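The primary structure of each chain is shown beneath.
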Amino acid sequence: MHTVPLTLITIVGEAVLAEPLIRALHALGVSGHTLSEARGQGSRGRRTGEIPGDNVRIETIVDAALADRIFALLAETYFPNYAVVAWSTAIQVVRGEKYVPPPRG
Amino acid sequence: MHTVPLTLITIVGEAVLAEPLIRALHALGVSGHTLSEARGQGSRGRRTGEIPGDNVRIETIVDAALADRIFALLAETYFPNYAVVAWSTAIQVVRGEKYVPPPRG
Amino acid sequence: MHTVPLTLITIVGEAVLAEPLIRALHALGVSGHTLSEARGQGSRGRRTGEIPGDNVRIETIVDAALADRIFALLAETYFPNYAVVAWSTAIQVVRGEKYVPPPRG
Amino acid sequence: MSLGEILAANLLSPIVLAFALGVVTRLVRSEFQLPKDLYSALSIYLLFALGLKGGHELTHASFDAIAGPVLVTLLLGCVTPLTSFAVLRYAGNFSDADAAAIAAHYGSVSAVTFIAAQTFATSVGAVPEGFMPTLLTLLESPGIHIALAIGVLKVGAGQRSSGELLHEVLTGRTMILLVGGLLVGVLMGERGWSAVSPFFDSGFKGALTLFILEMGIVAADRLHELRRVGLFLLGFGVGMPLVHGVLGAVLGTFAGLSVGGATVLAAMAASASYIAAPPATRMTLPTANPTYSLTASLAITFPFNVVLGIPIYYQVALLLQGK
Amino acid sequence: MSLGEILAANLLSPIVLAFALGVVTRLVRSEFQLPKDLYSALSIYLLFALGLKGGHELTHASFDAIAGPVLVTLLLGCVTPLTSFAVLRYAGNFSDADAAAIAAHYGSVSAVTFIAAQTFATSVGAVPEGFMPTLLTLLESPGIHIALAIGVLKVGAGQRSSGELLHEVLTGRTMILLVGGLLVGVLMGERGWSAVSPFFDSGFKGALTLFILEMGIVAADRLHELRRVGLFLLGFGVGMPLVHGVLGAVLGTFAGLSVGGATVLAAMAASASYIAAPPATRMTLPTANPTYSLTASLAITFPFNVVLGIPIYYQVALLLQGK
Amino acid sequence: MSLGEILAANLLSPIVLAFALGVVTRLVRSEFQLPKDLYSALSIYLLFALGLKGGHELTHASFDAIAGPVLVTLLLGCVTPLTSFAVLRYAGNFSDADAAAIAAHYGSVSAVTFIAAQTFATSVGAVPEGFMPTLLTLLESPGIHIALAIGVLKVGAGQRSSGELLHEVLTGRTMILLVGGLLVGVLMGERGWSAVSPFFDSGFKGALTLFILEMGIVAADRLHELRRVGLFLLGFGVGMPLVHGVLGAVLGTFAGLSVGGATVLAAMAASASYIAAPPATRMTLPTANPTYSLTASLAITFPFNVVLGIPIYYQVALLLQGK
Ligand SMILES: Nc1ncnc2c1ncn2[C@@H]1O[C@H](COP(=O)(O)O)[C@@H](O)[C@H]1O
Ligand SMILES: Nc1ncnc2c1ncn2[C@@H]1O[C@H](COP(=O)(O)O)[C@@H](O)[C@H]1O
Ligand SMILES: Nc1ncnc2c1ncn2[C@@H]1O[C@H](COP(=O)(O)O)[C@@H](O)[C@H]1O
Ligand code: NA
Ligand code: NA
Ligand code: NA
């Protein structure tokens, strides 16, 4: 089965970030995203069921170049002040051409 | 700690697919699956909270051969008409022997 | 973008395990965890919506040494009697230094 | 009251106002929506309450009066998917799959439209027959099967066998709660009903208001699709209900229903399913575009019926019965 | 009324009918179930309402009358886990862990069975004492601890220390809502109760009906396990409640309870926990097979008590009290 | 009744008892909490019911009487964020961002505190004016905007433009349900209200009790933060409400409100938002520590107002109006 090697970026952070983060991801050019609800605990304490909301877990499939731009955005805008964690995983995607932006230039 | 290298297949798609997809996976011989709820946005537009249902996120641990058969099924039956995305990740599984089908023949 | 190679451990198991498992993980020294709800089916049958609760899916980012200790704990304490599955994935983490315990000694 | 007065009164009913509030919520681009489980909980409550009350009233109904209405209801279940398919396929030039998919929605019925019609008829003093919820359960599934059968004949089956499909529709949430509620309602008698009615009867209209608020939100979420579905479907979403509604009022009157009963039967015929039909259609006719059927059912026909259609069907029933 | 008439009337009560509807839902292989949060919401509502009403009624109860019933309740909490363990281990040949795990369920109590018994007794005119919910809170935890202690002595402890276990059971949902509700109910007085009773009292039986519908579904989900648990456990799930129920009726009568009160105490003794006991057991005796205890409690004993057991215990109490 | 008697009676009200039970739940380290969707469902129900009832009562209100109260409410919306900021920044030495963030909470209003004040005033016979919910909608947003504007001027904007912020607050859940409910309530008239009031009115106080139980749990979850927020904030969480409450009672009396109305306006001024303010603040002033504002609003000021503040404001209003 033909698959394309791409990068899966996973971002876990406070729920209030969901909407601006997704807007920012799509502004950077991701072809889609998947969001699920989560709870968690990290350096900023337990994040669970409190009134302002739980965590969200956002996944987006991108190519290496876009992954880098997303990480740069996160590091600059979100990491300093928000409870957020992000990582990338190497994956193989079926019909992966869909997720690679058309060659520029 | 002894682990076995296997493949994790993740499928994200419209909720209406959950039941037939899981039936199809088990018919192909997966040893189990994990399902969680998700929302998302992709080439087929925003999928969130509308009446026919959200997305589901299905994970199954398989060996390479089974992964290929699953991808082939998805490409043939589901990709043409449904909002669905699938990828594979290389993982190391504890007690991984459980997920390898007994040698055939 | 500078990232750190680390290990993502994912544990899927019966909901009743969530609390003791998370306590055990933090006792072993993880810097955090993320939990989401799931349903599933495995060698111990369908686990869905029954009164004692669904499955949970716990993720924790750790270094290789800690990953090993976690797997050892799971194999010893949880695998013999509980419905639980665990695997590790190689990931790249932004601001990954946060998740590496300070050098001992 | 003139039709104008009735329409004005209907516009200020809690149901229409709550729907309007839901639409406004999205027009002002608010992120508000009901949690998914609350929406499900309300729909379970409403359907089960409908069934229980219908069952309780069925014990008081005269069974002579029911045979005719049952027959015309089944007739409507066979005719409405065919008229819908014909109009969409031949006048509207929709593909076979799309025409069949939309026809499956219009051949079935919307329980909330049914409830709105019951509430409306009661409020203008035309109390419908007690066995109307029984008719509702008869109208839900035939239309879906007939329309999808046409689709499958023309474009081939999707993932699901017709046995699976039949099973799915007959054992879906709506059928379980309505038919089950009816049976429980019949069996539990006066004493049972008086025990559970403070929960299932007194709260009904308030719970309905909250549910309709969310339906307004969900319908408004689809408003931006209106442009994509095209003018023909827009006209279909208003014209087809009018045709089916008048047909329902005529057949209902013919079968001996009161003005209230004929109004409700008309609204049932005119309404389009958006709960049972969508998943059944999605799996059986995967090449059909679900945007068409959902937008037409939910964002056009549902509000049309609730705001204008039901009062019109009532007027038609009045005329037909010479009152 | 004869036992036959009472049984027939009970079969047509909303509770039994809703349970049957839930079972039928699964027998026709419907996918329908209540959303998880609705199920939780209903159980929270029911337990808290039970506590509040119990607290309110406690303020009217004569405290002379309560000492005896408290003592026999605690006695039942000590005896029923022991009889259950003995029968399972020595007659049934279950392993130590399995016998102790199942005994933990039968030594504790099912709040829904309690409610069903209250409803039944009231409906046949044998109104139970106002302090019965107080007894319910006393019966929940001793049986779990005694049975699990036996298990731990025989097979060694699992993950959880006995302190943790005690804490978990005493601070679980049931205890917080029941004991907390009782206290709030006692303290808030007549004025407080009249403010909250339209929510917590009028809606109670209807909400219970919806909850029991889901219990029927969940019980039916386990029906296919009946074959795996074996004939002995099937007999145990019917015979043990009968024994404990008669014991409860005898002790209740001895302690001065009315026919209604003795019936409810009997049902409590006869019932098996499926909310507090399962997680406690799972962590303390991990080698026990949870299928046994859950299937017996939920798919055998619960329906047996609700359909047949409670009317029988009522007859026994009538006989004992010579009425 | 003396203040002492009133305080004692208030302590035994269902609201205060339920809050206390919630706190105790956490003190005994129970894991119990309401499912997230139940909590949301209750808050949606309460806000919409409040709006509907307010709208219904607005149709009976004399509109001469409303102009003055509207003006003083808007004045309170401008003054309370400024006093809060000044005290925190200059007396408390908080950073600009933290002072502005906390001030955004205290400049806005807590709907539950409002409801508690309405319930209290009615129960002591001082029925507030029917237009109080209208005032509630006016007080929610100005304070947030003023405080956050100060913060942005001093430390620069976060992620969100001021247009986005304004939009987010004005279209949040509270505003949609309250303002929307008010409009629906006004428009649907007597007939509409009598249809929906069994759901939205009779159940109100009971549903509130359940909601407050969870608020007690959530507040207690923050109790361990009390040490981290420091003594100054503890004093602020009690002292600032007292100052704003007295100011509210004075201005309300001056504007012609009854004792009941002045009490409720005082409680509104004294209360701190924990629904609309937190997310708005988090995105606009990301460097502010959310622990400060949430702990002060939820774990200090909310219980203070419900237990002691409201009876005190009532006494103040009595004194001011010479009764
Ligand atoms: N080591 C970790 N492994 C998995 N998830 C983590 C880890 N650390 C933090 N998280 C998640 O990221 C969220 C924010 O983390 P933090 O900014 O460290 O408070 C937490 O609530 C967790 O859900
Ligand atoms: N690039 C992507 N990254 C992550 N998830 C995606 C991506 N594209 C699509 N999805 C998910 O897959 C679903 C179906 O995608 P599509 O078929 O492209 O509409 C969406 O609703 C998303 O949940
Ligand atoms: N092959 C698999 N792939 C993905 N998840 C699995 C697999 N096997 C088991 N699981 C998950 O692990 C849980 C416990 O598995 P088991 O102990 O095999 O019953 C199941 O309920 C599933 O959620
Ligand atoms: Na129809
Ligand atoms: Na028992
Ligand atoms: Na305020």
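Higher on the page you've got the structure.
Visitor: I would appreciate a short explanation of the environment of F:Phe131 in the present structure.
Guide: All names here are of chain F. Assignment of secondary structure puts Phe-131 in the loop between α6 (111–123) and α7 (132–155). According to the relative accessible area criterion, Phe-131 is buried, its value standing at 3%. C-alpha separation for the pair Phe-131 and Phe-63, spaced 68 residues apart in sequence, amounts to 9.2 Å. What Phe-131 contacts, discounting residues up to four positions off in sequence, is Leu-58, Ala-61, Ala-65, Ile-66, Pro-69 and Leu-257.

Visitor: Quick question: what am I supposed to make of the coordination of the sodium ion (ligand 5) here?
Guide: Metal coordination angles in their ideal form are 109.5 degrees for the four-donor tetrahedron and 90 or 180 degrees for the six-donor octahedron. Residue and element names in this part refer to chain E. Distances from the sodium ion (ligand 5) to its protein donors, Tyr-106 (O), Ser-108 (O), Met-268 (O), Ala-269 (O) and Ser-271 (O), fall at 2.4 to 3.2 Å. On the primary sequence, the residues serving as donors to the sodium ion (ligand 5) are separated as Y-x1-S-x159-M-A-x1-S. Here Ser-108, found in the loop between α5 (96–107) and α6 (111–123), pairs with Ala-269, found in helix α12 (residues 259–270); they are 161 residues apart in sequence, far enough to count as distant.

Visitor: What's the story with the interface of chain D and chain F in this structure? I'm lost.
Guide: The figure often quoted for interface size is the accessible area lost as the parts come together. Every contact between the two is made by 24 residues of chain D and, on the other side, 22 residues of chain F. For the pair chain D and chain F, the summed buried surface comes to about 2000 Å²; carbon and sulfur atoms form 78% of the total. It is D:Leu21, D:Phe32 and D:Leu210 that lose the most area in chain D upon contact with chain F, and together they represent 24% of the buried surface on that side. Of all elements in the fold, only α2 (14–27), α3 (36–58) and α10 (204–221) of chain D reach the threshold of two or more residues within the side of chain D that touches chain F. The leading source of residues in the side of chain D that touches chain F is α10(D), at six residues. Across the side of chain D that touches chain F, the residue classes tally to twelve nonpolar, seven polar and five charged.

Visitor: Where do I start with the pairing of strand β5 (residues 84–94) of chain C in this structure?
Guide: Each regular strand shows side chains that alternate between the opposite faces of the sheet. Where burial is concerned, most of β5(C) is hidden: nine out of the eleven residues are buried. With two bridges joining them, strand β5 (residues 84–94) of chain A and β5(C) adopt antiparallel strand pairing. Among the inter-strand pairings, A:Ser88 is bridged to a residue of β5(C), identified as C:Gln92. Note: strand β1 (residues 3–14) of chain C against β5(C), eleven bridges, orientation antiparallel. Counted as the bridge partner of C:Thr7 is C:Ala90 from β5(C).

Visitor: I would appreciate a short explanation of the arrangement of the chains in the present structure.
Guide: No part of chain A reaches chain E; the closest C-alpha pair between them is 14 Å apart. What separates chain B from chain F at the closest point of their C-alpha atoms is a distance of 14 Å, and the two make no contact.

Visitor: Can you walk me through the coordination of the sodium ion (ligand 6) in this structure?
Guide: Residue and element names in this part refer to chain F. Those protein atoms acting as donors to the sodium ion (ligand 6) are Tyr-106 (O), Ser-108 (O), Met-268 (O), Ala-269 (O) and Ser-271 (O), and they sit at 2.4 to 3.2 Å. You can call Tyr-106 buried: its relative accessible area is 0%. Judged by relative accessible area, Ser-271 falls into the buried class, the value being 0%.

Visitor: It is not clear to me how the relation of the copies chain B and chain A should be interpreted in this structure. Could you clarify?
Guide: Relating one copy of the chain to the other takes a rotation about an axis and a shift parallel to that axis. Structural alignment of chain B on chain A gives an RMSD of 0.0 Å, achieved by rotating through 120° and translating 0.0 Å along the axis. On the angle and the small slide along the axis, the relation comes out as a three-fold axis. Taken together, the interface assignments show that only 15% of the residues at the interface of chain B recur at the interface of chain A, consistent with different surfaces on the two copies.

Thresholds, definitions, all that
- Residues numbered from 1 in each chain as written.
- Chains lettered and ligands numbered in written order.
- Predicted model: local features only at pLDDT ≥ 70, side-chain atom pairs only at ≥ 80, totals over all residues.
- Heavy atoms only, no water.
- Helix = DSSP H or I, 4+ residues; strand = E, 2+ residues; numbered from the N terminus.
- Buried < 20%, exposed > 50% of the residue type's maximum accessible area, 1.4 Å probe, protein only.
- Contact = heavy atoms within 4.5 Å.
- Donors = N, O, S within 2.8 Å, 3.2 Å for Na, K, Ca; no water.
- Buried area = accessible area lost by both parts, 1.4 Å probe.
- Nonpolar A, V, L, I, M, F, W, Y, C, P; charged D, E, K, R; others polar.
- Pairing = 2+ DSSP bridges.
- Least-squares fit on C-alpha atoms with pLDDT ≥ 70 in both.

By themselves, these observations are geometric and do not establish any function.
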